[in-house]
Amino acid sequence: KQRPYVVLKWAETADGFIAPHEQTTGKPFWITSPASKQLVHKWRSEEHAILIGTKTALKDNPQLNNRLWEGRSPIRVVIDRKLKIPKSLQVCDLSEKTIVITEKNIGNTSENLVFETIDFSENSVGNILNALWKHQIQSVIIEGGATTLNAFITAGLWDEARVFTGEKKLSDGIKAPQIPKNPTTEEKIANDHLKWYYND
């Protein structure tokens, strides 16, 4: 397919929300158990890259590395169309190779911080995957928010989805994405429910 293998991953509450509307900046809203969090870090060690959007970077200030499992950390990919992400955030700390996908023409790149310019006006998801393929990235796990995840689902450019459902409820918030098919397998991770989907 001349693109990376795409794994979607998110956690949703028991009543179908991915995050609250109002969230303290820099503090992720945890839905799942420590056991599920550790499993996610194991997955990070197994995939070539990990991708988030601008909102997730600004709200959660994630490190996007592997800290809870042995093995390598993935290449970090951040969609930052307008270059809104400040250099003070952890994804810009140069501790891991980071690719920033933007519409701006940026010439100054380093070994651990690379800017890739793409066209966002049409087929933006396809263009993002083309940029990753250019860097010989074989697989990417999408850990972004609802906007980023829904973009890949709508474009049909995904191969696998791993969806956690925790015990927490929000009653209101940002609705979790919907996969338009039944899960292939289901399992319990501590008190969480994990569903696996495949895009055949």
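My aim in this report is to walk through the structure given alongside it, one point at a time. (Residues numbered from 1 in each chain as written. Predicted model: local features only at pLDDT ≥ 70, side-chain atom pairs only at ≥ 80, totals over all residues. Heavy atoms only, no water.)

### Remarks on the overall build of the protein chain
Summing up its helical and strand segments, the protein chain has 4 helices and 11 strands in all. Its C-alpha atoms give the protein chain a radius of gyration of 16 Å, near enough to 16 Å, the size a compact globule of 200 residues would have. Principal-axis analysis of the C-alpha atoms places the extent of the protein chain at approximately 45 × 35 × 35 Å. In the protein chain, which comprises 200 residues, the proportion classed as buried is 50%. Contacts spanning at least 24 positions in sequence make up 67% of the contacts within the protein chain whose residues lie at least 6 apart. Summing over all exposed atoms, the protein chain offers an accessible surface of approximately 10100 Å²; the carbon and sulfur share of this is 47%. The averaged location of the 24 negative side-chain charges in the protein chain is 3 Å from the averaged location of its 26 positive side-chain charges. (Helix = DSSP H or I, 4+ residues; strand = E, 2+ residues; numbered from the N terminus. Rg over C-alpha atoms; globule rule 2.2 N^0.38 Å. Buried < 20%, exposed > 50% of the residue type's maximum accessible area, 1.4 Å probe, protein only. Contact = heavy atoms within 4.5 Å. Areas by Shrake-Rupley, 256 points an atom, 1.4 Å probe, with all protein chains shown as cover. Lys, Arg positive; Asp, Glu negative; His and termini not counted. Charge placed at Lys NZ, Arg CZ, Asp CG, Glu CD.)

### Some words on the pairing of strand 11 (residues 192–198)
Of the strand pairs in this sheet, strand 8 (residues 160–165) and strand 11 are connected by 6 bridges, and their pairing is antiparallel. Within the sheet, the bridge partner assigned to Phe164 lies in strand 11 and is Leu194. Pairing of strand 10 (residues 185–189) with strand 11, which is carried by 5 bridges, proceeds in the antiparallel orientation. Residue pairing in the sheet places Thr185 in a bridge with Trp196 of strand 11. Counting the residues between successive antiparallel strands, the hairpin from strand 10 to strand 11 contains 2 residues, one of them, Ala190, with a positive phi of roughly 55°. (Pairing = 2+ DSSP bridges.)

### A look at the environment of Glu103
Looking at the secondary structure, you find Glu103 in the loop between strand 5 (98–102) and strand 6 (113–117). Separated by 23 residues in sequence, Glu103 and Asp80 place their C-alpha atoms 8.1 Å apart. Once residues lying within four places of it in the same chain are set aside, the contact partners of Glu103 are Arg81, Lys82, Thr117, Ile118 and Phe120. Within the structure, the side chain of Glu103 is placed 2.7 Å from the side chain of Lys82, a separation counted as a polar contact. (Polar contact = N/O pair within 3.5 Å; in protein donor to acceptor, adjacent residues only side chain to side chain.)

### Let's talk about the packing of aromatic side chains
Applying the stated criterion to the full structure yields 2 aromatic pairs. Each ring, one from Trp43 and one from Trp196, has its centre 5.6 Å from the other, and the planes form 75°; the classification is edge-to-face. One end of the pair, Trp43, is in helix 1 (residues 34–46); the other, Trp196, is in strand 11, with 153 residues separating them in the sequence. Like Trp43, the residue Trp196 is buried in the burial classification. Ring pairs connect the aromatic residues Trp43, Phe164 and Trp196, which therefore count as one cluster. (Phe/Tyr/Trp six-rings, centres within 6.5 Å; stacked < 30°, edge-to-face > 60°.)

### Considerations on the layout of surface pockets
Of the pockets and cavities examined, the largest pocket occupies roughly 1200 Å³. Lining the largest pocket are 49 residues, with Thr56, Asp60, Glu143, Gly144 and Gly145 sitting closest to its centre. Those elements that provide at least two residues to the lining of the largest pocket are strand 1 (5–12), strand 2 (17–19), helix 1, helix 2 (54–60), helix 3 (124–134) and helix 4 (146–155). Grouping the amino acids of the lining of the largest pocket by side-chain chemistry returns 22 nonpolar, 15 polar and 12 charged. (1 Å grid on protein atoms, 1.4 Å probe; cavity = no way out; pocket = protein on both sides within 12 Å on 5 of 7 lines; lining within 4 Å. Points joined across faces, edges and corners; volume = space filled by probe spheres on them. Nonpolar A, V, L, I, M, F, W, Y, C, P; charged D, E, K, R; others polar.)

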